[in-house]
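Report on the structure
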Amino acid sequence: DRLLKAVDRISEAALGPGDLDTFLRSLLAEARDSTESVDTAAILLREGDMLRVRAAVGLEHELERQYSLTIPQGFAGHIGAAREPIFTRDAAIDPRVISPAIREKGVRALYGVPLMREGKVMGVAHIGSLRAHEFSEEDKLLFRTIASRAASVVVKSQILADLRRAESAQRF
């Protein structure tokens, strides 16, 4: 029941007005609020060969620092390179984790998934817990659903941006 209600709220957020970054932050806040063990969440989007943090909850310093990394650098980069979910029980000491914010916060469980479109990695999303060393299968499923919704909205945003550029180029 909790999972279905969360998915419903996520779907409503996807249909709402606003820019991409605002949507992504609200989506991550929903992930944190719908899942008892989640304290942090972030979405990194691909810009060329880089993954850059575009939205974060519980890791706002990542946004302030405009944190970015290359694939396969760091935890998110490993996910992008593997193109599959990755989990670690103690992120603060995992050598793949190079984010100062994750280490400073003392994040324990860290679970990340790639955001994919047509077989290509367009970004990475991850959740973390300060208390738990594991996430339930239900929590992972909910987060994969959130990540899938995020990927759909990112694609929609990119298509609209391309359309606006094309329309602008035709006017001149």
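Notes on the structure follow. (Residues numbered from 1 in each chain as written. Predicted model: local features only at pLDDT ≥ 70, side-chain atom pairs only at ≥ 80, totals over all residues. Heavy atoms only, no water.)

**Some points on the overall build of the chain**
- A count of helical and extended segments in the chain gives six helices and six strands.
- N-terminal to C-terminal, the α/β element order of the chain is α-α-β-β-α-β-α-β-α-β-β-α.
- Burial status across the chain gives 45% buried among its 172 residues.
- Considering only intrachain contacts with a sequence separation of at least 6, the fraction spanning at least 24 residues in the chain is 55%.
- Accessible surface for the chain amounts to roughly 8,900 Å². Of this, 51% is attributable to carbon and sulfur atoms. (Helix = DSSP H or I, 4+ residues; strand = E, 2+ residues; numbered from the N terminus. Buried < 20%, exposed > 50% of the residue type's maximum accessible area, 1.4 Å probe, protein only. Contact = heavy atoms within 4.5 Å. Areas by Shrake-Rupley, 256 points an atom, 1.4 Å probe, with all protein chains shown as cover.)

**Remarks on the packing of aromatic side chains**
- Here the structure, examined in full by the defined rule, presents two aromatic pairs.
- Look at Phe87 and Phe135: their rings are 6.4 Å apart centre to centre, the planes differ by 75 degrees, and that puts the pair in the edge-to-face class. Here the residue Phe87 occupies a position in strand β4 (residues 86–88), and Phe135 occupies one in the loop between β6 (120–128) and α6 (137–171), the gap between them amounting to 48 residues.
- The class for Phe135 is buried, based on a relative accessible area of 4%.
- Between Tyr111 and Phe143, the aromatic rings sit 6.4 Å apart at their centres with planes inclined by 65 degrees, giving edge-to-face as the arrangement. (Phe/Tyr/Trp six-rings, centres within 6.5 Å; stacked < 30°, edge-to-face > 60°.)

**Section: helix α2 (residues 20–34)**
- The first and last C-alpha atoms of α2 sit 21 Å apart over 15 residues, in line with the 21 Å expected at 1.5 Å per residue.
- The set of residues buried in α2 consists of Leu20, Phe23, Leu24, Leu27, Leu28, Ala29, Glu30, Ala31 and Ser34. (Expected span 1.5 Å × (residues − 1).)

**Section: the pairing of β6**
- Counting buried residues along β6, eight of its nine residues qualify, which places the element largely inside the surrounding structure.
- Pairing geometry for strand β1 (residues 40–47) and β6, over six bridges, is antiparallel. Looking at β6, one finds that Ile43 is bridged to Ala125.
- Summarising the sheet, strand β5 (residues 110–117) and β6 pair through eight bridges and their orientation is antiparallel. Within β6, the residue paired with Leu115 across the bridge is Gly123.
- Counting the residues between successive antiparallel strands, the hairpin from β5 to β6 contains two residues, one of them, Glu118, with a positive phi of roughly 50 degrees. (Pairing = 2+ DSSP bridges.)

**Regarding the environment of Gly128**
- The topology assignment puts Gly128 in strand β6.
- By relative accessible area, which is 0% here, Gly128 ends up buried.
- Considered as a pair, Gly128 and Asp39 are 89 residues apart in the sequence and their alpha carbons are 5.9 Å apart.
- Look past the residues within four positions of Gly128 in its chain and what remains in contact with it is Ser37, Val38, Asp39, Thr40, Val107, Ala109, Leu110 and Phe135.

The values are spatial; any link to function lies outside them.
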